[in-house]
Amino acid sequence: MRADVTVTKFFESPTLPDVDDLDLLIIMGGPMSVNDEADHPWLAAEKQFIRSAIENDKAVIGICLGAQLIAGAMGAAVYPNREKEIGWFPIVSTQPDNAEELFTFPQELLVFHWHGETFDLPDGAMRLARSDACHNQAFQLGRRVIGLQFHLETTPDTARDLVHHCRDELQPSHYVQSEAEILGIDPPCYSTINSYMDKVLQFIVRR
């Protein structure tokens, strides 16, 4: 699959493309909250852009903050989770066996997390996965919108970068692993989650 990729870096410039010029919108994570519009005014424009993309039947994937932004853009509440979830923890599929046109996760999958907030599901969305720490881990809205609270895109390099820049968040708790636990994961775990990221991308762009 070939793609021409453009990027909006809100910390450099809040200029968004024309929604008609894109086929797939991927919304990534960040340290801020969806609700921090007073400190980050561009969040309001970003949520409007996301809603416009969804209403124009574009393929949309949100990862971590990106999933929370989809939820917020579509009218659902975003708020602190009862637990921070940082490190490698399993998600469990919640999709009904007979559900059609929904992305299918395996019954259990070990994935990488780094989040402290969660969200209610937007109206019409189907929950795809949960974890012990977080009720809503993945959802699908219609045929072409998926939100993932966890990080299937993580590589050894990005995990090391996150630990390096956000080490202060690794405060001991039941669902926060240590630096050694995070970086000591078996290497095949990365290739497994990356393969599921590819499957999500393939699923969301096909008609």
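Structure first, text after, so check above.
Below, the structure is looked at part by part.

Rules and cut-offs
- Along each chain, the written sequence defines residue order, and numbers are assigned to residues from 1.
- Selection of residues for local features in this predicted model requires a pLDDT of at least 70, selection of side-chain atom pairs for listing and counting requires 80 or more, and totals for whole chains, interfaces and linings are taken over all residues.
- The basis for every side-chain value is the complete set of heavy atoms in the structure, and neither hydrogens nor water enter the calculation.
- Classification of residues uses two cut-offs on accessible area relative to the type maximum, computed with a 1.4 Å probe and protein chains only: under 20% is buried, over 50% is exposed, and between them is partly exposed.
- Runs of H or I in DSSP of at least four residues are treated as helices and runs of E of at least two as strands, each being numbered from the N terminus.
- The criterion for strand pairing is that DSSP finds at least two bridges linking the strands in question.
- In these notes, a set of buried Ala, Val, Leu, Ile, Met, Phe, Trp, Tyr and Cys residues joined through side-chain atoms within 4.5 Å is what counts as a nonpolar core.
- Pairs of residues are marked as contacts when any of their non-hydrogen atoms sit within 4.5 Å.
- One less than the residue count of a helix, multiplied by 1.5 Å, gives the span that helix is expected to have.
- Think of it as the arc spanned by the lines of direction from the helix axis to the C-beta atoms.
- Angles run from 0 to 180 degrees between N-to-C directions of axes, and those axes are lines fitted to C-alpha atoms, restricted for helices to the stretch in contact.

As for the pairing of strand β4 (residues 108-119)
Burial runs high along β4: nine of the 12 residues are buried. For strand β3 (residues 78-93) and β4, the ladder comprises 11 bridges, and the chain directions are antiparallel. Within the sheet, the bridge partner assigned to Val 92 lies in β4 and is Glu 108.

What about unusual backbone geometry?
Here the phi dihedral of Asp 57 falls at roughly 60°; this positive angle occurs in a residue that is not glycine. Even without being a glycine, Cys 64 presents a positive backbone phi close to 60°. For Cys 64, the position within the fold is in the loop between β2 (59-63) and α2 (65-73). Judged by relative accessible area, which is 6%, Cys 64 ranks as buried.

Let's talk about the nonpolar core
One finds Phe 105 and Leu 152 to be the most contacted residues of the largest nonpolar core, which totals 37 residues. Of all elements in the fold, only β2, β3, β4, β5 (126-130), β7 (145-148), α3 (156-165) and α5 (188-205) reach the threshold of two or more residues within this core. With nine residues, the top contributor of residues to this core is α5. Each residue touching Phe 105, except ones within four places of it in the same chain, is listed here: Ile 91, Ser 93, Leu 128, Ala 129, Ala 138, Leu 148, Phe 150 and Leu 152. Among the nonpolar cores identified, the runner-up in size contains 28 residues, and Phe 49, Ile 54, Leu 69 and Ile 70 belong to it.

Here we look at α5
The terminal C-alpha atoms of α5, which comprises 18 residues, lie 26 Å apart, in line with the 26 Å expected from a rise of 1.5 Å per residue. By the burial criterion, the buried members of α5 are Cys 189, Tyr 190, Ile 193, Tyr 196, Met 197, Val 200, Leu 201, Phe 203 and Ile 204. Each buried residue of α5 lies within a common arc of 165° when the element is viewed along its axis, so the set occupies one face.

Here we look at the sheet that holds β7
The seven strands are arranged β1-β2-β7-β6-β5-β3-β4 in an open sheet whose pairing can be described as mixed. Single-partner strands in this sheet number two, and they are β1 (24-27) and β4. Each neighbouring strand pair of the sheet contributes to a mean axis angle of 20°, computed without reference to strand direction. Running over the sheet, helix α1 (residues 42-55) touches β1, β2 and β7 and is turned about 145° from β1.

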